[in-house]
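# Observations on the three-dimensional arrangement
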Amino acid sequence: NAGVTQTPKFRILKIGQSMTLQCAQDMNHNYMYWYRQDPGMGLKLIYYSVGAGITDKGEVPNGYNVSRSTTEDFPLRLELAAPSQTSVYFCASSYSSSSGNTIYFGEGSWLTVV
Amino acid sequence: DQQVKQNSPSLSVQEGRISILNCDYTNSMFDYFLWYKKYPAEGPTFLISISSIKDKNEDGRFTVFLNKSAKHLSLHIVPSQPGDSAVYFCAASALRAGNNRKLIWGLGTSLAVNP
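Residues numbered from 1 in each chain as written. Chains lettered and ligands numbered in written order. Predicted model: local features only at pLDDT ≥ 70, side-chain atom pairs only at ≥ 80, totals over all residues. Heavy atoms only, no water.

### Notes on the packing of aromatic side chains
In the structure shown here, the tally under the stated rule is 15 aromatic pairs over all chains. Ring geometry for B:Y36 against B:W105: centres 5.0 Å apart, planes inclined by 55°, an arrangement best described as tilted. Of this pair, B:Y36 sits in strand β4 (residues 32–38) while B:W105 sits in strand β12 (residues 104–105), and the two are 69 residues apart along the sequence. You'll find B:Y36 and B:W105 in the same group, each marked buried. What links up through ring pairs into an aromatic cluster is the set A:F10, A:Y31, A:Y33, A:Y35, A:F90, A:F105, A:W110, B:Y36, B:F46, B:F89 and B:W105. (Phe/Tyr/Trp six-rings, centres within 6.5 Å; stacked < 30°, edge-to-face > 60°. Helix = DSSP H or I, 4+ residues; strand = E, 2+ residues; numbered from the N terminus. Buried < 20%, exposed > 50% of the residue type's maximum accessible area, 1.4 Å probe, protein only.)

### Points about the sheet that holds strand β1 (residues 4–5) of chain B
Residue and element names in this part refer to chain B. Taken in spatial order, the five strands line up as β1-β3-β8-β7-β6 in an open sheet, and their pairing is antiparallel. Looking at which strands have only one partner, the edges of the open sheet turn out to be β1 and β6 (56–59). Here strand β3 (residues 19–25) pairs with strand β8 (residues 72–77) via six bridges, running antiparallel. Along β8, the bridge assignment pairs L21 with L75. (Pairing = 2+ DSSP bridges.)

Here it is in structure tokens:
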């Protein structure tokens, strides 16, 4: 089972460049998320989606954009990379029910902006 | 405002002993709690969860205890093994309008199990 797949694993960007982090899940989950984790810090939610065609901002959305054209895919776009966006990015997915939700994470994408 | 707090950034225990990781929360509406484990260079993986209708949930060497009156939960690992060395995140959620949930994360506790 692939679960949640993220690409690329590692990337170095120059300031001002743009890139897209790809995320795909094969569990037919309705919810998908993008988190970032800075050194020594917890997980901060960037954007999330409750289903195809629906996205919403998390705690730290500035500098990012997302789209959800299919249930499976949830790419994260950085338009003008800044050093503050150097971080580890995790894509995740879940069912969401009234009784609780367990999130499944991808392996992470390490991004350095120089 | 940190709604989910893991006050110990790190913990060190001897192999074979019990590891106790603590988590406090402030929102009384939280009714579902999870623990995740994270190894370096990997994504977090789900470990164990508990609903607020229970005060204990057990899965092998891992047990989570929930004390709703104290707004406190703990993860017990018995016996601890070197492979348990990782960062452990506590997370909590409450049912919101629209019948959906949002997980609130603690900052994590780094556990080192020494041989």
